[in-house]
Amino acid sequence: MITDELRECIRTANRSYEDVRNPYNDREILHIPDEELQAIADRIDAEHAAKVVRLEAYRAAVDAMLKEYVKLPVDADGVPIKVGDELTDGKVARLLICDDAEENSVYVYESPHVIKQIYCYEVVHRKPDSWEGIISDAVILGRQLEWLDNSRGDAGSERELVERCRRLAGERG
């Protein structure tokens with residue numbers, strides 16, 4: 001390191017004392033040849049210039065990348081949408097990004113050969129089913145049934161919860 005070189009230069013410098021007659025008030029004077037200090041200063045300048053060149057090249061590369069950067073559209077929950085994501089309306093096949101952020105849309109597979117266009121603000125990412133999700137939905141369903149004045153209402157929702165439990169447990173109906 002350059003600082004180590006400076007320390008070595010100071011350590012090996014010729015020393016003399018200003019007032020040899022007064023041993024309690026001597027000031028040490030270092031004698032370092034100009035050429036040695038000039039060489040160190042030149043190395044500092046060269047190293048600094050090389051770092052500036054590398055920094056400018058790095059900044060140019062980052063600027064070039066930022067010019068090509070496109071912000072991904074987000075779903076209704078604000079989660080970025082990427083190709084291959086599972087949304088409530090299907091799996092994302094392509095992204096169509098328009099200038100107007102409100103018009104961002106995605107193309108999803110409706111079947112293996114049919115693709116439909118949907119708007120990002122109308123969909124959310126599909127979450128894998130879990131026991132917690134089923135229990136939460138069961139609690140909500142129970143409150144809805146209770147709210148319907150204890151009438152059993154639509155039993156299809158109950159059947160759907162049972163089917164989800166079977167699927168999650170790996171059973172076949």
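Residues numbered from 1 in each chain as written. Predicted model: local features only at pLDDT ≥ 70, side-chain atom pairs only at ≥ 80, totals over all residues. Heavy atoms only, no water.

Draft legend 1. Representation of the overall build of the chain within the structure. On a plain count of helices and strands, the chain comes out with four helices and six strands. In sequence order, the chain lays out its α and β elements as α-β-β-α-β-β-β-β-α-α. A total of 173 residues make up the chain; the buried ones form 15% of that total. Residue pairs in contact within the chain that sit at least 24 positions apart in sequence constitute 37% of those at least 6 positions apart. (Helix = DSSP H or I, 4+ residues; strand = E, 2+ residues; numbered from the N terminus. Buried < 20%, exposed > 50% of the residue type's maximum accessible area, 1.4 Å probe, protein only. Contact = heavy atoms within 4.5 Å.)

Draft legend 2. Quick peek at the pattern of salt bridges. One pass over the full model with this rule turns up six salt bridges. As a salt-bridge pair, R167 and E163 come within 3.8 Å of each other at their nearest N and O atoms. One end of the pair is R167 and the other is E163, both in helix α4 (residues 156-169) and four residues apart, which spans about a single turn. (Salt bridge = Lys/Arg side-chain N within 4 Å of Asp/Glu carboxyl O.)

Draft legend 3. Focus on the packing of helix α1 (residues 2-11) against helix α2 (residues 34-68). Between α1 and α2, the shortest axis-to-axis distance is 10 Å and the interhelical angle comes to 170°. As judged from the angle between their axes, α1 and α2 are roughly antiparallel. For the pair formed by α1 and α2, the contact residues are I2, E5, L6 and C9 on the first element and E36, L37, I40, R43, I44 and E47 on the second. (Axes fitted to C-alpha atoms, helices over the stretch in contact; angles between N-to-C directions. Parallel < 35°, antiparallel > 145°, perpendicular 65-115°, else oblique.)

Draft legend 4. The side chain of H125, seen in detail. You can see H125 is positioned in the loop between β6 (115-119) and α3 (131-147). Within the local environment of H125, its side chain forms a polar contact with the side chain of D75, the two groups lying 2.8 Å apart. A distance of 2.8 Å separates polar atoms of two side chains, one belonging to H125 and the other to D85. In this structure H125 touches D75, V79, P80, I81, D85, E86 and L87, once residues within four positions along its chain are discounted. (Polar contact = N/O pair within 3.5 Å; in protein donor to acceptor, adjacent residues only side chain to side chain.)

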